[in-house]
Amino acid sequence: MKEYKKLQQLLLSIDGQSYSSYKRIKGFYQFPDYILAIDHVQVDPYAPPSKMRILIQRETVDIPKEYINQKNKRIAVSDFLTRNFYKQSQKFNHSVKGTGTSGLIMIDHCGQEMLERTAVLIKDNQIEVRFEVGLPAAGRRILGKAANRIFQDILPEIIKQALFYRHLNQTALQTQIDLILDQKYLREELPKQNLVAFIANGSILPRESGISDEPLIGAKPFQSPANLEIEFHLPSGKTVTGMGIKKGITLLVGGGFHGKSTVLQALERGVYNHIPNDGREFVLTVSDAVKIRAEDGRSIQKVDISPFINHLPGNKVTKQFSTMNASGSTSQAANVVEALEARASLLLIDEYTSAMNFMIRDRRMQQLIVKEKEPITPFVDRVQSLYKDLGVSTILIIGGSGDYFEVADRVIMMDEYLPKDVTAKAKNIAAADSYNREDSVEPFEILSRRVPLSSSFPLSGKEDRLRAKGKLHLLYGWETIDLSGLEQLVDDSQTNALAVMLAYFKNHFLNDHSSLSEAIEQLYQHIENFGLDAVSPYTGHPGNLALPRKQEFYAMLNRYRGLKIK
């Protein structure tokens, strides 16, 4: 390890030389309060920035031990420090001029959720910060003096302000720790109270815009109907009151633009913990909830969709249904069954992103097309057996079919963003109608066991590579895995993690005899035991990974067109 002044001497000595000379600075440097590790040096000023780490003793930053003595607290503190480092680095990102990414100091950018990330790791005796620096250049000539300013002046100031406890907003840090513990407690209380979701009074559900996840200023606060209110006493000493949504079948109804989709979108994101002042801090959903939609054109490999589609033209098998170009109804049926395979206990469905023939077949159509000629058992005829036979609840937005009134346990109407319990009225409407739907549904059976084959990933050498391309796509070789139907994937860094996790999964857990669920469980247990770092091939610097849920990993793998099932 070199003393930090050696870095200064080296940078000044290569000032004006060709950019490739920057490679000489790779290595470890001891600064007064920390170690700087320069792991990878970019090849030119237009290439992705150089990858670096700060290794600093916990006693140096002096964050109280009780703040980081359990996993959820460490996630909250790591999130806080990551955001703080990002905020401090933004103050200096235009202070050094040059070509390409010259002078940029970057760390993983966090959204509104508190996710388990690799940007800031809190270890037993050390805190490790992974970030990137654009090494300065004029054209392709090194600006050594400007680089020296980054390492001797700018970076030490960012580290001091972003990491040292005495310089942090200590009240805000304590608030974030208390919040994640309250959220953990409340999420654990949901099943104990026979609930699948909770929305606190005063929550701000609308977002600023379609491209911003910030809360909408001036939005109407959420207020629960009195008969659905439930109260929780939280570990922080706070009491929170709001609408509890019980297990079973819940409909969200109401006119257009009255807030149905806004509520459902908040519930989709409720599987994650949110930061203070997000407005959805206490919008919590059971952590395995899955949003279901139709996805025309997706691939399906040997999924048992027979509970919904019992036969297809040409005697095509539906107990092990495969296609490279699914229709709306077959894709939505597969999405439901795959969510069950991923152990979802709650399905979230919006009628407007669903296949109509999958969701409903009304009385007139039942009379015209007899049961024997219709292969689809619509969701309205399956939703009760999902709950009664498998214990899987459903929350649906319904705007065009009153047939769901008969099967619903509760009906909540959104009226100008305020919910009203209209269950009794909906049931009276259903009872006043002499028409009864045909009862043609058998109990939901135990799902078939699917075994993924290692031959699903045939590439070798340099071609055998998985990488993320934004939030919504992965590449395996030249094959694109389309993730646009995964509406609960919230961060580019989750997609980065999916790429490295899938690479590790195919090399270590595909053995041609473990089921999909068994193999994925082994992967996540490995991550739980050894951390997200343990599946990354990037020695020392996987700084842009955020852990996705098991449900998104299942969904990603199921959308891979090369997947082969025994």
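Residues numbered from 1 in each chain as written. Predicted model: local features only at pLDDT ≥ 70, side-chain atom pairs only at ≥ 80, totals over all residues. Heavy atoms only, no water.

## Details of the sheet that holds strand β28 (residues 479-482)
Here three strands make up an open sheet; going across it, the order is β26-β27-β28 and the pairing antiparallel. Pairing within the sheet leaves two strands with one partner each, and these edge strands are β26 (466-468) and β28. Each neighbouring strand pair of the sheet contributes to a mean axis angle of 25°, computed without reference to strand direction. For β26 and strand β27 (residues 473-476), the ladder comprises three bridges, and the chain directions are antiparallel. Paired with Leu466 across the bridge in β27 is Tyr476. Lying over the sheet, helix α13 (residues 492-508) contacts β26, β27 and β28, oriented at roughly 170° with respect to β26. (Pairing = 2+ DSSP bridges. Helix = DSSP H or I, 4+ residues; strand = E, 2+ residues; numbered from the N terminus. Axes fitted to C-alpha atoms, helices over the stretch in contact; angles between N-to-C directions. Contact = heavy atoms within 4.5 Å.)

## Looking at the nonpolar core
The nonpolar side chains of soluble globular proteins are, as a tendency, buried together. Judged by nonpolar contacts, the single largest core of 95 residues is most densely connected at Tyr22, Ile25, Leu36, Phe85 and Phe131. The element contributing the most residues to this core is helix α4 (residues 144-163), with nine residues. With residues up to four places along the chain from it excluded, the contact list for Phe131 reads Leu36, Ser50, Lys51, Met52, Arg53, Ile54, Phe85, Ile105, Met106, Ile107, Leu155 and His541. Of all hydrophobic cores here, the second largest spans 44 residues; its members include Val253, Ile360, Ile376 and Ala430. (Core = buried A, V, L, I, M, F, W, Y, C linked by side-chain atoms within 4.5 Å. Buried < 20%, exposed > 50% of the residue type's maximum accessible area, 1.4 Å probe, protein only.)

## Side note on the packing of aromatic side chains
What the rule picks out here adds up to 16 aromatic pairs. Consider the rings of Tyr19 and Tyr22, whose centres lie 4.9 Å apart with planes at 75°: the pair is edge-to-face. This pair shows no difference in class: Tyr19 is buried, exactly as Tyr22 is. Members of the aromatic cluster, joined through ring pairs, are Phe308, Phe358, Phe379 and Phe444. The positively charged end of Arg382 is found above the aromatic ring belonging to Phe444, 4.8 Å away from the centroid. (Phe/Tyr/Trp six-rings, centres within 6.5 Å; stacked < 30°, edge-to-face > 60°. Lys NZ or Arg CZ within 6 Å of the ring centre and 35° of its normal.)

## A word on the packing of helix α3 (residues 71-90) against α4
Put simply, α3 and α4 touch, their axes get as near as 9 Å, and they point 140° apart. On the basis of their axis angle, the class for α3 and α4 is oblique. For the element pair α3 and α4, the recorded crossing hand is right-handed. Facing Leu81, Asn84, Phe85, Gln88 and Ser89 of α3, the residues of α4 in contact are Leu155, Ile158, Ile159, Gln161, Ala162 and Leu163. Its residues placed into classes, the contact of α3 with α4 shows seven nonpolar, four polar and no charged. (Parallel < 35°, antiparallel > 145°, perpendicular 65-115°, else oblique. Left-handed = near helix turned anticlockwise from the far one by under 90°. Nonpolar A, V, L, I, M, F, W, Y, C, P; charged D, E, K, R; others polar.)

## Details of the packing of helix α14 (residues 516-530) against helix α15 (residues 550-558)
Two elements in contact, α14 and α15, have axes whose closest approach is 11 Å; the angle formed by their N-to-C orientations is 130°. Relative to α15, the element α14 lies oblique. For α14 against α15, the interelement crossing comes out right-handed. Contact residues: α14 offers Leu516, Ser517, Ile520, Glu521, Leu523 and Tyr524, while α15 offers Lys550, Phe553, Tyr554, Leu557 and Asn558.

## Focus on the pattern of salt bridges
Going through the model one piece at a time under the given rule, you end up with 30 salt bridges. A salt bridge links Glu268 to Lys291; the nearest nitrogen and oxygen atoms lie 3.2 Å apart. Placement of Glu268 in helix α6 (residues 260-269) and of Lys291 in strand β19 (residues 290-292) is noted, with a sequence separation of 23 residues between them. The salt bridge partner of Asp464 is Lys506, with a shortest N-O separation of 2.9 Å. Separated by 42 residues along the polypeptide, Asp464 in the loop between α12 (423-432) and β26 and Lys506 in helix α13 bring together distant segments of the chain. Relative accessible area serves as the criterion here: at 10%, Lys506 is assigned to the buried category. Residues participating in the shared-partner salt-bridge network are Asp39, Arg53, Lys123, Glu128, Arg130 and Asp533. (Salt bridge = Lys/Arg side-chain N within 4 Å of Asp/Glu carboxyl O.)

## Some details on helix α5 (residues 170-192)
Its 23 residues place the ends of α5 34 Å apart at the C-alpha level, agreeing with the 33 Å of an ideal helix rising 1.5 Å per residue. Inspection of α5 places Leu173, Gln176, Ile177, Leu179, Ile180, Asp182, Gln183, Leu186, Arg187, Glu189 and Leu190 among the buried residues, and these make up the whole buried set. (Expected span 1.5 Å × (residues − 1).)

## Description of unusual backbone geometry
Positioned with a positive phi, Asn194 is a non-glycine residue whose angle comes to about 60°. Within the secondary structure layout, Asn194 lies in the loop between α5 and β11 (195-200). Of note in the backbone geometry, Glu416 takes a positive phi value of approximately 50° without being a glycine. In this fold, Glu416 is placed in the loop between β24 (410-415) and β25 (418-421).

## Comments concerning the environment of Gln522
Relative to the helices and strands, Gln522 resides in helix α14. Sequence-distant contacts of Gln522, that is, excluding residues within four places in its chain, are made with Phe509 and Ser514.

## Some remarks on α13
Under the 1.5 Å per step criterion, the end-to-end length of α13 is 24 Å for 17 residues, consistent within 8% with the ideal 24 Å. Of all 17 residues in α13, 13 are buried; the element is thus mostly enclosed. Of the residues flanking the start of α13, the one acting as N-cap is Asp491, its side-chain oxygen 2.7 Å from the backbone nitrogen of Ser493. (Polar contact = N/O pair within 3.5 Å; in protein donor to acceptor, adjacent residues only side chain to side chain.)

## Comments concerning the environment of Gly202
Looking at the secondary structure, you find Gly202 in the loop between β11 and β12 (207-209). In this structure the C-alpha to C-alpha distance between Gly202 and Gln8, which are 194 residues apart in sequence, comes to 54 Å. Residues in contact with Gly202, not counting those within four places in the same chain, are Pro221 and Phe222.

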